[in-house]
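Geometric and topological summary
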Amino acid sequence: MTTPLPFFVYGTLRPGEPNHDLFLRGHTESEEPGHLHGAVLYEGPGYPYAVEGPGSVVVGELVTARPESYPRLLLALDRLEDYAPGDPRNLYERVERPVTRDADGTAVRAWVYLASPAVTAALRTHGKLIEGGDWRHRR
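The paragraphs below set out a description of the structure included in this document. (Residues numbered from 1 in each chain as written. Predicted model: local features only at pLDDT ≥ 70, side-chain atom pairs only at ≥ 80, totals over all residues. Heavy atoms only, no water.)

As for the pairing of strand 2 (residues 28–43)
What counts is decided by this rule: Pairing between strands is defined by DSSP: at least two bridges between the two strands are required. Only DSSP runs of H or I reaching four residues or more are called helices, and only runs of E reaching two or more are called strands; each is numbered from the N terminus.
Where strand 2 and strand 3 (residues 48–65) come together, 14 bridges link them in antiparallel fashion. Within the sheet, the bridge partner assigned to Ala-39 lies in strand 3 and is Glu-52. Hairpin connection from strand 2 to strand 3: 4 residues lie between these consecutive antiparallel strands, with Gly-46 at a positive phi of about 100°. Bridge count for strand 2 against strand 4 (residues 92–101) is 2 bridges, and the pairing is antiparallel. Looking across to strand 4, one finds that His-35 is bridged to Thr-100.

Things to note about helix 2 (residues 70–80)
Working note: α-helix, 3.6 residues per turn, so residues spaced by three or four point in the same direction. Put simply, the rule is: For each residue, the accessible area found with a 1.4 Å probe, counting protein chains only, is set against the maximum for its type, and the residue is called buried under 20%, exposed over 50%, and partly exposed in between.
Residues of helix 2 that are buried: Tyr-70, Leu-73, Leu-74, Ala-76, Leu-77 and Asp-78. One or two positions beyond helix 2, positive phi appears at Asp-82, with a value near 50°.

What to know about the layout of surface pockets
Rolled over the atoms, a probe sized like a water molecule indicates the empty space that remains. Counted only if it meets this: Points on a 1 Å grid over protein atoms alone make up a cavity when a 1.4 Å probe fits among them but cannot get out, and a pocket when they form an open set with protein on both sides within 12 Å along at least five of seven lines; lining residues each have an atom within 4 Å of a point. Grid points are joined across faces, edges and corners, and a volume is the space filled by probe spheres set on the points. Note that Gly is not counted as nonpolar here; it falls among the polar residues with everything else outside the nonpolar set of Ala, Val, Leu, Ile, Met, Phe, Trp, Tyr, Cys and Pro and the charged set of Asp, Glu, Lys and Arg.
Of the volumes computed, that of the largest pocket is approximately 230 Å³. Considering the residues around the largest pocket, the lining is formed by 15 residues, among which Thr-12, Tyr-47, Leu-80, Glu-81 and Tyr-92 are closest to the centre. By residue class, the composition of the lining of the largest pocket is 10 nonpolar, 3 polar and 2 charged.

Considerations on the side chain of Thr-12
As a reminder of what qualifies: Counting of polar contacts relies on pairs of N or O atoms within 3.5 Å, with two restrictions inside protein: one atom must be capable of donating a hydrogen and the other of accepting it, and residues adjacent in sequence are counted only when both atoms are side-chain atoms. Contacts are residue-level and defined by heavy atoms, with any inter-residue pair within 4.5 Å sufficient.
With respect to the element layout, Thr-12 can be found in the loop between strand 1 (7–9) and helix 1 (18–24). Within the structure, Thr-12 has its side chain in polar contact with the side chain of Asn-19 (distance 2.8 Å). Filtering out sequence-adjacent residues up to four positions away, Thr-12 remains in contact with Glu-17, Pro-18, Asn-19, His-20, Gly-46, Tyr-47, Pro-48 and Trp-135.

Description of the packing of aromatic side chains
Our working definition: Stacked, edge-to-face and tilted are the three classes for Phe, Tyr and Trp ring pairs, Trp counted by its six-membered ring, which pair at centre distances within 6.5 Å; planes under 30 degrees apart are stacked, over 60 edge-to-face, the rest tilted. Put simply, a charge is over a ring when the Lys NZ or the Arg CZ is close to the ring centre, within 6 Å, and near the line of the ring normal, within 35 degrees.
As enumerated under the stated definition, the model contains 5 aromatic pairs in all. Centre to centre, the rings of Tyr-83 and Tyr-113 are 6.5 Å apart; their planes meet at 70°, and the pair counts as edge-to-face. In this pair, Tyr-83 is assigned in the loop between helix 2 and strand 4 and Tyr-113 in strand 5 (residues 107–115), connecting sequence segments 30 residues apart. An aromatic cluster is defined as three or more aromatic residues linked by ring pairs; in this entry it consists of Tyr-47, Tyr-49 and Tyr-92. A cation sits over an aromatic face here: Arg-94 above Trp-111, 4.6 Å from the ring centre. For Arg-138, the ring lying beneath its charged end belongs to Trp-135, and the centroid distance is 3.5 Å.

Some words on the environment of Ala-103
As for its position among the elements, Ala-103 is in the loop between strand 4 and strand 5. Exposure remark for Ala-103: the relative accessible area of 76% places this residue in the exposed category. Taking C-alpha positions, Ala-103 is 16 Å from Glu-29, a pair spaced 74 residues apart along the chain.

Here's the deal with the environment of Ser-116
Within the secondary structure, Ser-116 is located in the loop between strand 5 and helix 3 (117–126). Spatially, the C-alpha atom of Ser-116 lies 9.2 Å from that of Tyr-49, the residues being 67 residues apart in sequence. Residues in contact with Ser-116, not counting those within four places in the same chain, are Asn-90, Leu-91, Tyr-92 and Glu-93.

Looking at the pattern of salt bridges
Rules: Salt bridge, as used here: a side-chain nitrogen of Lys or Arg that lies within 4 Å of a carboxyl oxygen of Asp or Glu.
On inspection of all chains with the given rule, the structure shows 9 salt bridges. In this structure, the salt-bridge partner of Arg-89 is Asp-87, at a minimum N-O distance of 2.9 Å. Judged by its relative accessible area of 18%, Asp-87 is buried. What you see here is one network of salt bridges that share partners, running through Arg-14, Glu-61 and Asp-134.

Dropping the structure here:
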């Protein structure tokens with residue numbers, strides 16, 4: 001079983017975005033603003049991709065699942081993000097990273113879906129960067 005960590009969401013899973021209601025509503029204990037340091041955000045086809053990048057920040061929410069919902073939610077989010085452990089066709093990789101809580105500045109270990117290596121390479125070559133790292137404030 002995977003370590004039950006909170007999830008850091010930065011795109012369509014954020015409160016007010018379409019996938020939040022479909023996947024997270026009613027399955028979380030808490031949702032709080034946070035930042036992922038050392039990553040940048042790129043436009044995707046209707047959703048963003050976070051890519052590791054020094055000196056940058058991605059804005060999002062730290063979501064803690066209800067314990068009884070965690071196993072099912074983890075599977076559902078992996079499916080949504082086209083992630084399967086070890087699959088070279090992944091669009092995203094689920095990785096453990098420190099995320100900073102906005103409320104008190106503490107770092108929390110969380111699951112983050114980062115762009116897979118193949119997607120990252122394409123984005124760095126041809127992608128559109130989201131300035132400021134906030135999906136909600138993209139232009």
